Amino acid sequence: MSERKILLIIGGGVAAYKALELIRELSRRGVRSRVILTKAGAEFITPLSAASLSGDKCYTELFDLTSEAEMGHIELSRSADLVVVAPATADLMAKTANGFANDLASTTLLATDKPVMFAPAMNVRMWNHPATQRNLKTLADDGALIVGPEKGDMACGEFGYGRMAEPAAIADAVEAYFMRETEGPLKGKHVLITAGPTHEAMDPVRYIANRSSGKQGYALAEALRNLGADVTLVTGPTNLPDPAFIKTVRVETAREMLAASETALPADCAIFCAAVSDYRPSTETNQKIKKERGGLTSIEVTENPDILKAISQMSEGRPRLVIGFAAETQDVVCYAEAKRKRKGCDWIVANDVSPGDNVVSGGVMGGDRNAVILITENGEEAWPDMPKTEVARRLAERIAKTLGGPHLVKAAE
Ligand code: C5P
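Residues numbered from 1 in each chain as written. Predicted model: local features only at pLDDT ≥ 70, side-chain atom pairs only at ≥ 80, totals over all residues. Heavy atoms only, no water.

## Some details on the site of the ligand
Moving on, step 1. Within the structure, the ligand sits among Phe272, Ala274, Val276, Asp278, Pro305, Asp306, Ile307, Leu308, Gly324, Phe325, Lys339 and Lys343.
Moving on, step 2. Leu308 is positioned such that a nitrogen or oxygen atom in its backbone is 2.9 Å from an oxygen atom of the ligand.
Moving on, step 3. Between Lys343 and the ligand, the recorded distance is 2.9 Å, taken from a side-chain N or O atom to an oxygen atom. (Near = heavy atom within 4 Å. Polar contact = N/O pair within 3.5 Å; in protein donor to acceptor, adjacent residues only side chain to side chain.)

Listed below in structure tokens is the structure:
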């Protein structure tokens, strides 16, 4: 593969120091950065540190005649495969969304013919301001890729959305971009994945849920994306950020998850990783149920729709490969095989979630490792204990092998 190159525009925000870490992280992954540092960015970090880490000149001013003679801003804007703006300040986003070009960074952003990825970083109020949200929408409509921001404590002492995504997460998005450019075995295939728990409300503060971190489903979504698939991830509430280049639909309840899954069809493959609550409270009150008034002595429940079963048994437009997960605490294979037949799916990925199982690091639920048994019509295959990301990679490869063949359907918009 030829060398992958990005043009990194570092804006003026306290997160600028993280951009230096990003240069190093990308270089570790074989991606070279050429840097433009805005005037405001140079208040936070020096051109010399950016130049030292990137191993190249750091460009700062539009009317630096020497730079213009060596490499004009038009050429600079086209010298990389991808332009990354990190930190992307409210000002840089506003300028780009509106086509301003009054310094090197904005001129380059207007002149580039390459995709642009923004990693926004700003105070939570600036992020939430309608003007910034309008600019964000304009940038996304113009085809920009957006990574983050994340929620958390800010340098200004406030809390909320506005922290720049971590350098590793931005580097992941850059890598995912380059992977999508290469021909993966799942190119042109659409995969639907459900992940996380569902929350079934009882009153405004209480809900029924299952234990699920969403880690296995998200890892699978990323592994399939890395093989070139168009992935739609329908997820219940989790603490995980939306993965890059994956259409992520956030839902709360089983009924919403079913509706979002049906909307996402057609798909070549559908994988049901979510820990869906089998039941929901039969009534949901608008007011908190008070202990003093007799409160909650019992909860009447209604059965939720079974999403895996509904999609496995579709008479028309059923995805070619439907995969369910089965968390069991005893007779894993026996129960899982019965479940495969009962639900009508093609494969079941079964795991033992009993306490004290063979998985280290605190068990399967919420942990980073998993030991699964893959059950297909051809029998069962026990995989040893491994990281969830590795389970995802192997499963994605198996799916690619099975789905190999002509392009069937496109992701629904
Ligand atoms: O029946 P059980 O809940 O054990 O089945 C687990 C499998 O079924 C998982 O793949 C899960 O995502 C899926 N499921 C579903 N909708 C439900 C219950 C489970 O899609 N209501």
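The structure having been displayed, the exposition proceeds.
## So, the sheet that holds strand 13 (residues 247-250)
Moving on, step 1. Overall, mixed pairing links the eight strands, which are arranged 13-12-9-14-17-18-20-21 in an open sheet. In this open sheet, the two strands that pair with only one neighbour each are strand 13 and strand 21 (379-382). Sheet twist, expressed as the average angle between the axes of neighbouring strands with direction ignored, equals 15 degrees. (Pairing = 2+ DSSP bridges. Helix = DSSP H or I, 4+ residues; strand = E, 2+ residues; numbered from the N terminus. Axes fitted to C-alpha atoms, helices over the stretch in contact; angles between N-to-C directions.)

## Structural notes on the packing of helix 1 (residues 16-28) against helix 2 (residues 47-54)
Moving on, step 1. It is the contact of helix 1 with helix 2, at a shortest axis distance of 9 Å, that shows an interaxial angle of 10 degrees. As the angle between them shows, helix 1 and helix 2 are arranged roughly parallel. Contacts from Leu20, Ile23 and Arg24 in helix 1 reach Ser49, Ala50, Leu53 and Ser54 in helix 2.
Moving on, step 2. For the contact of helix 1 with helix 2, the class distribution of residues is four nonpolar, two polar and one charged. (Parallel < 35°, antiparallel > 145°, perpendicular 65-115°, else oblique. Contact = heavy atoms within 4.5 Å. Nonpolar A, V, L, I, M, F, W, Y, C, P; charged D, E, K, R; others polar.)

## A short note on a nonpolar patch on the surface
Moving on, step 1. Residues Tyr279, Leu296, Ile299 and Val301 make up a contiguous nonpolar surface patch of about 340 Å² in total accessible area.
Moving on, step 2. With respect to the secondary-structure elements, Val301 resides in strand 16 (residues 301-303).
Moving on, step 3. By relative accessible area, Val301 is classed as partly exposed at 37%. (Patch = residues over 30% accessible without salt bridge, like charges linked within 9 Å, V, L, I, M, F, W, Y side chains within 5 Å. Areas by Shrake-Rupley, 256 points an atom, 1.4 Å probe, with all protein chains shown as cover. Salt bridge = Lys/Arg side-chain N within 4 Å of Asp/Glu carboxyl O. Buried < 20%, exposed > 50% of the residue type's maximum accessible area, 1.4 Å probe, protein only.)

## Considering the domain arrangement of the protein
Moving on, step 1. For the protein, the assigned domains are domain 1 (4-179) and domain 2 (184-403).
Moving on, step 2. When each unit is reduced to the centre of its C-alpha atoms, the spacing between domain 1 and domain 2 is 36 Å.
Moving on, step 3. Taken together, the contact between domain 1 and domain 2 spans six residues of the former and four residues of the latter.
Moving on, step 4. Viewed at the interface, domain 2 and domain 1 are joined by zero salt bridges.
Moving on, step 5. Across the contact surface, domain 1 and domain 2 share zero residue pairs in polar contact (both at pLDDT 80 or more).
Moving on, step 6. Top contributing element to the side of domain 1 that touches domain 2 by residue count: helix 9 (residues 167-181), with four residues.
Moving on, step 7. Across the side of domain 1 that touches domain 2, the residue classes break down as six nonpolar, no polar and no charged. (Domains from an automatic or database assignment.)

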